[in-house]
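In case you want the letters, here they are:
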Amino acid sequence: MPTARFSVDQLPPAVRAAVEEQTGPLLHAEEAAEGFNSEIAVRLTSASGTWHVKGLRTDHPRVWTQAREAAVAPFLTGLAPALRWHVVSHGWDLLGFEALTGHHHADYAPGSPDLPKVVALLNRLGETARPDIPLRHAEQRLKAYVQDPADTAFFSGDHLLHTDLNTANVLVAEEARLVDWGWATRGAAWLDAAYWVIWLIASGHTPASAESWAAQTFVWATAPAPGVIAFASASHRLWTEISTNDPDSWTVRLETAATVWHEYRARA
């Protein structure tokens, strides 16, 4: 379910004061239309600059994602907007990121000029060393959805993964950038390209077309065919569960895409 949203005006005065210690007196706040996993998602401007701010209350069950983003941010040069500050104050946990300008959310439709830029982004991610920080493991995240427990071995690896390639998380200008790293994961190098396949199908690609774009990333060559089949099957179960628990137009669209890919791979 989307997280309930708060405006900046609803923050306790002490929290706003803590933010202004980082920014200077705030001049303007523009609520973000995306970022529904955050209770605060806003673009803040002061005389000294502009920041994209996201946050959760410290008693929120997913507040750990804030610490995860803060920990991984220093290792994401060239991949993500820079983290400028992290404020934990009076029941709120807030991250202030570099505010990108001139970027748009990625368009994954067939023929989109954004597609090669996403390939380049995934290639840069594939060349990024995994930081020595606590990360969730892909095989653990997917173990509840595999048909054969042995299949989780396909997902194990030592690479840094994002795992949520939805179009709102990919910002495109001359180059593409990835935002929302709260679910950063350790696993097999090819998994982000595989996650992308589902979003490509949901955006109008056939499974063959989606896989042809994934194949333009150098990490895809490391994907064993049985592992791709296992991932497609697990993703089908995962998105079926999500759309059942949270029926919404976008969750149903992703369930349909995951089902189409699963059936395609089962016939391969």
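Rules and cut-offs
- Residues numbered from 1 in each chain as written.
- Predicted model: local features only at pLDDT ≥ 70, side-chain atom pairs only at ≥ 80, totals over all residues.
- Heavy atoms only, no water.
- Helix = DSSP H or I, 4+ residues; strand = E, 2+ residues; numbered from the N terminus.
- Expected span 1.5 Å × (residues − 1).
- Buried < 20%, exposed > 50% of the residue type's maximum accessible area, 1.4 Å probe, protein only.
- Contact = heavy atoms within 4.5 Å.
- Core = buried A, V, L, I, M, F, W, Y, C linked by side-chain atoms within 4.5 Å.
- Salt bridge = Lys/Arg side-chain N within 4 Å of Asp/Glu carboxyl O.
- Pairing = 2+ DSSP bridges.
- Axes fitted to C-alpha atoms, helices over the stretch in contact; angles between N-to-C directions.
- Parallel < 35°, antiparallel > 145°, perpendicular 65-115°, else oblique.
- Left-handed = near helix turned anticlockwise from the far one by under 90°.
- Nonpolar A, V, L, I, M, F, W, Y, C, P; charged D, E, K, R; others polar.
- Phe/Tyr/Trp six-rings, centres within 6.5 Å; stacked < 30°, edge-to-face > 60°.

S.K.: What's the story with helix α8 (residues 249-267) in this structure? I'm lost.
M.R.: Each α-helix winds once per 3.6 residues, and so residues spaced three or four apart point in a common direction. Look at α8: 27 Å from first C-alpha to last across 19 residues, which is about the 27 Å you get at 1.5 Å a residue. Every buried residue of α8 is accounted for by Thr251, Leu254, Ala257, Ala258, Thr259, Trp261 and Arg265. Where α8 is buried, its residues touch α5 (191-202), α6 (207-214) and α7 (225-245).

S.K.: How do you make sense of the nonpolar core when you look at a structure like this?
M.R.: The biggest cluster of nonpolar side chains holds 59 residues, and the ones touching the most others in it are Tyr108, Val170, Trp190, Trp196, Phe231 and Trp261. Looking at this core element by element, the count peaks at 11 residues for α5. Discounting chain neighbours no more than four positions away, the residues touching Val170 are His104, His105, Ala106, Tyr108, Val118, Leu121, Leu165, Ala176, Arg177 and Leu178.

S.K.: Where do I start with the environment of Ala32 in this structure?
M.R.: Structurally, the position occupied by Ala32 is in the loop between β1 (26-31) and β2 (40-46). Since its relative accessible area comes to 17%, Ala32 is described here as buried. It is 28 Å that separates the C-alpha atoms of Ala32 and Arg136, two residues lying 104 residues apart in sequence.

S.K.: What exactly am I supposed to notice about unusual backbone geometry here?
M.R.: Outside of glycine, negative phi angles account for most residues, and trans bonds account for most peptide bonds. Despite not being glycine, His90 shows a phi value in the positive range, around 45 degrees. In this fold, His90 is placed in the loop between β4 (83-89) and β5 (92-98). Notably, Asp180 is not glycine yet its phi reads approximately 60 degrees, a positive angle. Among the structural elements, Asp180 can be located in the loop between β10 (176-178) and β11 (185-187).

S.K.: Can you walk me through helix α2 (residues 64-72) in this structure?
M.R.: All of the buried residues along α2 are Thr65, Gln66, Arg68, Glu69, Ala70 and Val72. The secondary structure elements touched by the buried residues of α2 are β3 (49-57), β4, β5, β7 (136-137) and β8 (159-161).

S.K.: When you look at the pattern of salt bridges in this model, what are you seeing that I'm missing?
M.R.: A side chain with one charge may pair with a side chain of the opposite charge, provided their charged atoms come close. Using the criterion set out here, one finds 8 salt bridges in the structure. A salt bridge links Arg16 to Glu20, with the shortest nitrogen-to-oxygen separation between them at 3.6 Å. Here Arg16 pairs with Glu20, and both are found in helix α1 (residues 13-23), just 4 residues apart, close to one helical turn. Linking Lys54 and Glu69 is a salt bridge whose minimum nitrogen-to-oxygen distance equals 2.4 Å. Pair noted here: Lys54 is in strand β3 and Glu69 is in helix α2, with a separation of 15 residues, a long-range link. We classify Lys54 as buried; its relative accessible area is 8%. The network of salt bridges with shared partners includes Lys54, Glu69 and Asp180.

S.K.: Explain the environment of Ser233 to me, please; I cannot follow it from the model alone.
M.R.: Within the fold, Ser233 resides in helix α7. A residue is classified by how much of its surface remains accessible, and Ser233, at 9% relative accessible area, is buried. Each C-alpha atom of the pair Ser233 and Ala258 lies 8.2 Å from the other, and the pair is 25 residues apart in sequence.

S.K.: Explain the sheet that holds β7 here, please?
M.R.: Picture the strands of a sheet paired through backbone hydrogen bonds; they go either parallel or antiparallel. A sheet is described by the order of its strands in space; here 3 strands give the open sequence β7-β11-β8, paired in mixed fashion. Among the strands making up the open sheet, the edge pair consists of β7 and β8. Taken together, the 3 bridges between β8 and β11 define a ladder with antiparallel strand orientation. Pairing of Leu161 across the sheet is with Thr185, part of β11.

S.K.: Help me out: how do you make sense of the packing of α7 against α8 in this one?
M.R.: Two packed helices can be described by the angle between their axes and the distance between those axes. Closest axis-to-axis distance for the α7/α8 pair is 8 Å, and the angle between their directions is 150 degrees. Considering the angle they form, α7 stands roughly antiparallel to α8. The two elements α7 and α8 meet at a crossing, and its hand is left-handed. Contact residues: Ala225, Val228, Ile229, Phe231, Ala232, Ser233, Ser235, His236, Trp239, Thr240, Ile242 and Ser243 in α7; Trp250, Thr251, Val252, Leu254, Glu255, Ala258, Thr259, Trp261, His262 and Arg265 in α8. Residues belonging to the contact of α7 with α8 are distributed by class as follows: 12 nonpolar, 8 polar and 2 charged.

S.K.: So what exactly am I meant to see when it comes to the pairing of β3 here?
M.R.: Remember that side chains alternate between the two faces of the sheet whenever the strand is regular. Bridging between β2 and β3 involves 7 bridges; their strand directions are antiparallel. By the bridge assignment, Thr45 is partnered in β3 with Thr50.

S.K.: Teacher, can you tell me more about the packing of aromatic side chains here?
M.R.: Given two aromatic rings, one states the distance between the centres and the angle between the planes to describe the pair. Applying the stated criterion across every chain yields a total of 12 aromatic pairs. With 5.0 Å between their ring centres and 80 degrees between their planes, Trp64 and Trp183 make a pair best called edge-to-face. Remark: Trp183 occurs in the loop between β10 and β11 and Trp64 occurs in helix α2; sequence separation between them is 119 residues. Residues Trp190 and Phe231 carry aromatic rings whose centres are separated by 6.2 Å and whose planes lie at 80 degrees to one another, so their mutual orientation is edge-to-face. Placement of the pair is Trp190 in the loop between β11 and α5 and Phe231 in helix α7, with a sequence separation of 41 residues. Across this residue pair, the class does not change: Trp190 and Phe231 are buried. Put simply, the rings of Phe155, Trp190, Tyr195, Trp220, Phe231 and Trp261 pair up and form one aromatic cluster.

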